[in-house]
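What follows is each chain in one-letter form.
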Amino acid sequence: MSTKLLLHTKQALDNNVRAALKDHLQAELAGETRLEPSTKPHLLFALYDPARATSQQLLAVVQKRGLSARFVDL
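Predicted, not measured: the structure shown is a model, and the values here were computed from it. All residue numbers refer to positions counted from 1 along the written sequence of the respective chain. For a predicted model such as this one, the threshold for reporting local features is a pLDDT of at least 70, and the threshold for listing and counting side-chain atom pairs is 80 or more; totals across whole chains, interfaces and linings nevertheless cover every residue. Side-chain metrics in this entry use all non-hydrogen atoms of the structure; hydrogen atoms and water are not considered.

Peer 1: Summarise the overall build of the chain; cite the residues concerned and give the values.
Peer 2: Secondary structure elements follow DSSP: runs of H or I no shorter than four residues count as helices, runs of E no shorter than two count as strands, and numbering proceeds from the N terminus. Of the regular secondary structure elements, the chain holds two helices and four strands. For the chain, the α and β elements follow one another from N to C terminus as β-α-β-β-α-β. The globule rule used for comparison is 2.2 Å times the number of residues to the exponent 0.38, while the radius of gyration itself is calculated over C-alpha atoms. Its C-alpha atoms give the chain a radius of gyration of 11 Å, near enough to 11 Å, the size a compact globule of 74 residues would have. The dimensions of the chain, computed from C-alpha atoms along their principal axes, are 30 × 25 × 15 Å. Across the 74 residues in the chain, those meeting the buried criterion constitute 34%. Nonlocal contacts in the chain, meaning residues at least 24 apart in sequence, comprise 66% of its contacts between residues at least 6 apart. Accessible surface for the chain amounts to roughly 4600 Å². Of this, 50% is attributable to carbon and sulfur atoms. Here the chain contributes 10 positively and 7 negatively charged side chains, and the mean placements of these two sets differ by 5 Å. Residue exposure (1.4 Å probe, protein chains only): buried if accessible area is under 20% of the type maximum, exposed if over 50%, otherwise partly exposed. The criterion used for residue contact is that any of the two residues' heavy atoms lie within 4.5 Å. The accessible surface values rely on the Shrake-Rupley method and a 1.4 Å probe; as for residues, cover is taken only from the protein chains in view. A positive count includes Lys and Arg, and a negative count includes Asp and Glu. His and the chain ends are not counted in either. By convention, the point assigned to a charge is CZ for Arg, NZ for Lys, CD for Glu and CG for Asp.

Peer 1: So what's going on with the sheet that holds strand β3 (residues 43–48)? Residues and values would help.
Peer 2: Each strand in a sheet pairs with its neighbour through backbone hydrogen bonds, running either in the same direction (parallel) or in the opposite one (antiparallel). In this scheme, strands are said to pair when DSSP sees at least two bridges between them. Judged by pairing direction, the sheet is antiparallel, and its four strands sit side by side in the order β2-β3-β1-β4 without closing on themselves. Of all the strands in the sheet, the pair left with one neighbour each is β2 (33–37) and β4 (69–72). On average, each strand axis in the sheet is inclined to that of its neighbour by 35°, with strand direction left out of account. The pairing of β2 with β3 spans five bridges and is classified as antiparallel. Across the sheet, R34 pairs through a bridge with L47, a residue of β3. Only the contacting stretch of a helix is used when fitting its axis, a line to C-alpha atoms as for every element, and angles between N-to-C directions run 0 to 180 degrees. This element, helix α2 (residues 55–64), spans β1 (3–9), β2, β3 and β4 of the sheet and lies at about 145° to β4.

Peer 1: Describe the pattern of salt bridges, with residues and values.
Peer 2: Definition used for salt bridges: Asp or Glu carboxyl oxygen within 4 Å of a side-chain nitrogen of Lys or Arg. Going through the model one piece at a time under the given rule, you end up with four salt bridges. A salt bridge links E36 to K4, with the shortest nitrogen-to-oxygen separation between them at 3.4 Å. Highlighted residues: E36 in strand β2 and K4 in strand β1, separated in sequence by 32 residues. One connected set of salt bridges, linked through shared partners, spans K4, R34 and E36.

Purely geometric numbers; function is a separate question.
What follows is the structure, encoded as C-alpha cells:
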C-alpha cells in the first residue's frame, strides 16, 4: 500500500530537476518511490511504500541532492 506525502521545496523545480530527483529517489530507495507533479513548481507529491522506506529516508535523499525540503500534512 502506498502512502502519499506533499513535499515542499524552497526552490522552484523545473522539469529537468524533477526528473533528476525522481531518478535519484528510485536509485537510492530501490524504485520504491514515485513523484507526481503539482501545478506549483515548489510542490511535489511523493508516493512510497512505508513497508520498504520511511518518509525520513525519502526526505534525506531529497536533501542530499541539495534541496531544502519538508513534508506538508495533507
